[in-house]
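# Close look at the chain arrangement
The chain contents come next:
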Amino acid sequence: MGSSQESQLRVEPLHPTFACEIHGLDLSNGITDKEFEQLQKAVHQYGVVVVRKANLPDDHAHVDFSRRFGEVEKSKYRNPHMRSLPCPEIFDISNLDEKGEVVTHSNEKRTTAIRGNALWHADGSFNPRRTYVSCLRAVDIPPKSMGGHTEYADARQAYEDLSEEKKAKIKDLVAIHSFYHNRKTANPDSPLFKDINVMDMPLARHKLVPIHHPTGRPMLYVTSYAHHIEGMAIEEGQTLLRELSDHAKQPIYVFEHHWESPGDLAIWDNTAVLHRATSGDYEGKHRRDMRRTCVMDSSPDAYGLNDPDLAKNQASSS
Ligand SMILES: [Fe+2]
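Residues numbered from 1 in each chain as written. Predicted model: local features only at pLDDT ≥ 70, side-chain atom pairs only at ≥ 80, totals over all residues. Heavy atoms only, no water.

Within this structure, the stated rule accounts for 10 aromatic pairs. Measuring from ring centre to ring centre gives 4.8 Å for F36 and F69, while their planes differ by 70 degrees; the resulting arrangement is edge-to-face. Separated by 33 residues along the polypeptide, F36 in helix α1 (residues 33–46) and F69 in the loop between α2 (59–67) and β4 (91–92) bring together distant segments of the chain. For F69, a relative accessible area of 7% corresponds to the buried category. (Phe/Tyr/Trp six-rings, centres within 6.5 Å; stacked < 30°, edge-to-face > 60°. Helix = DSSP H or I, 4+ residues; strand = E, 2+ residues; numbered from the N terminus. Buried < 20%, exposed > 50% of the residue type's maximum accessible area, 1.4 Å probe, protein only.)

In this structure the tally under the stated criterion is 23 salt bridges. The partner of R276 in a salt bridge is E151, and the shortest N-O contact between them spans 2.8 Å. Placement of R276 in strand β14 (residues 273–277) and of E151 in strand β6 (residues 150–154) is noted, with a sequence separation of 125 residues between them. Note that K166 is salt-bridged to E243, the shortest N-O span being 2.6 Å. Taken together, the residues span a long stretch of sequence, with K166 in helix α5 (residues 164–170) and E243 in helix α7 (residues 234–248) at a distance of 77 residues. For K166, a relative accessible area of 18% puts it in the buried group. A residue is classified by how much of its surface remains accessible, and E243, at 37% relative accessible area, is partly exposed. Counted as one network, the salt bridges with shared partners bring together D59, R83, D92, R137, D289 and R291. (Salt bridge = Lys/Arg side-chain N within 4 Å of Asp/Glu carboxyl O.)

The next subject is the nonpolar core. Across soluble globular proteins, you tend to see nonpolar side chains buried next to one another. Core analysis: the biggest nonpolar cluster contains 26 residues, and I170, L208, L220, V222, L244 and L274 have the highest contact counts within it. If you list the elements that add at least two residues to this core, you get α4 (155–160), β11 (226–229) and α7. For this core, the element with the most residues is α7, which contributes four residues. Setting aside residues up to four positions removed in sequence, L274 forms contacts with W120, H121, A122, E151, Y152, A153, A155, M219, L220, V222, T223 and A248. In terms of nonpolar packing, the next biggest core, distinct from the first, is built from 25 residues, F36, V43, V51 and C135 among them. (Core = buried A, V, L, I, M, F, W, Y, C linked by side-chain atoms within 4.5 Å. Contact = heavy atoms within 4.5 Å.)

Checked against the element boundaries, H149 lands in the loop between β5 (131–140) and β6. Setting aside chain neighbours within four positions, we find H149 in contact with K144, E256, H257, H258, W259, R276, A277, T278 and R288.

Moving on, we get to the sheet that holds strand β7 (residues 174–177). Taken in spatial order, the three strands line up as β8-β7-β11 in an open sheet, and their pairing is antiparallel. Looking at strand neighbours, the two that pair on one side only are β8 (204–207) and β11, the edges of this open sheet. Between one strand axis and the next, the sheet turns by 35 degrees as a mean value, whatever way the strands run. Bridge analysis of β7 against β11 gives three bridges, and the strand direction is antiparallel. Looking at the pairing, I176 lines up with H228 of β11. (Pairing = 2+ DSSP bridges. Axes fitted to C-alpha atoms, helices over the stretch in contact; angles between N-to-C directions.)

Below, the discussion takes up the coordination of the iron ion. On the protein side, the iron ion has H121 (NE2), D123 (OD) and H275 (NE2) as donor atoms, found 2.2 Å from it. Counting residues between consecutive donors of the iron ion along the chain gives the motif H-x1-D-x151-H. Of this pair, D123 sits in the loop between α3 (108–117) and β5 while H275 sits in strand β14, and the two are 152 residues apart along the sequence. Residue D123 is classed as buried on the basis of its relative accessible area of 2%. (Donors = N, O, S within 2.8 Å, 3.2 Å for Na, K, Ca; no water.)

Right under this line is the structure:
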């Protein structure tokens, strides 16, 4: 617990338009209301907040901390190729198998998921109720020179920089999202996905340009789960999605976070930024034990154009 209720946390910007590091926040004994207020404000303003050595002691503390942001999603789907972890709210983002050993390329179920997460996305955009904040905690990381970084794209700035003509053309469009579209794109030859027709699977409808309500800034919600645009020929919609995605992932909008130590924490707002995992030489060799919680969105765009009843049974799987 922070000793002084009056203390201001030090916020250091990490990129010209978004992302910051917060210094002096040790979460090993929880967080004060005052500290949380400053942290949430930074998450909204910067989209991404890095806390080095946040030191959340375990999965339970990680979940309790995440609850400060709202309703924490449960990982209903944990396949037999994954470790058993004590809290259903913890999503296993590690490269470890059910025995806690580093996965190899022969483990199709896990490697296809890892490749999917390497495409630009917002967590949970394929769900009827989308994800607000994600909290990703490093438990074990590979040697620094061997990759495994996380990249973020400033999707609010990317929207702002579009021409007025383009903004007018896309502002009222709706994208149709599918979990399987991401997996098929990332793994075109995998027997797990190649015979799946995305249109036969659960689909979610979300605005292409939702407003980030805490700041009032629109964002480009162009995630790799977005399959096509409602009311447009499939090809035409996919071409537009590709064009907008290429725009948003330009180096000028990207910040790459290098994990430094176990205990480091990254918190991002999926209703403001996009992100992706990057590959590295560590794969197949070194442990990368990352654990994530997701907080459900409660903003006016939380359910997009979906029936809120559908969200009651949404299968969270990524
Ligand atoms: Fe993700």
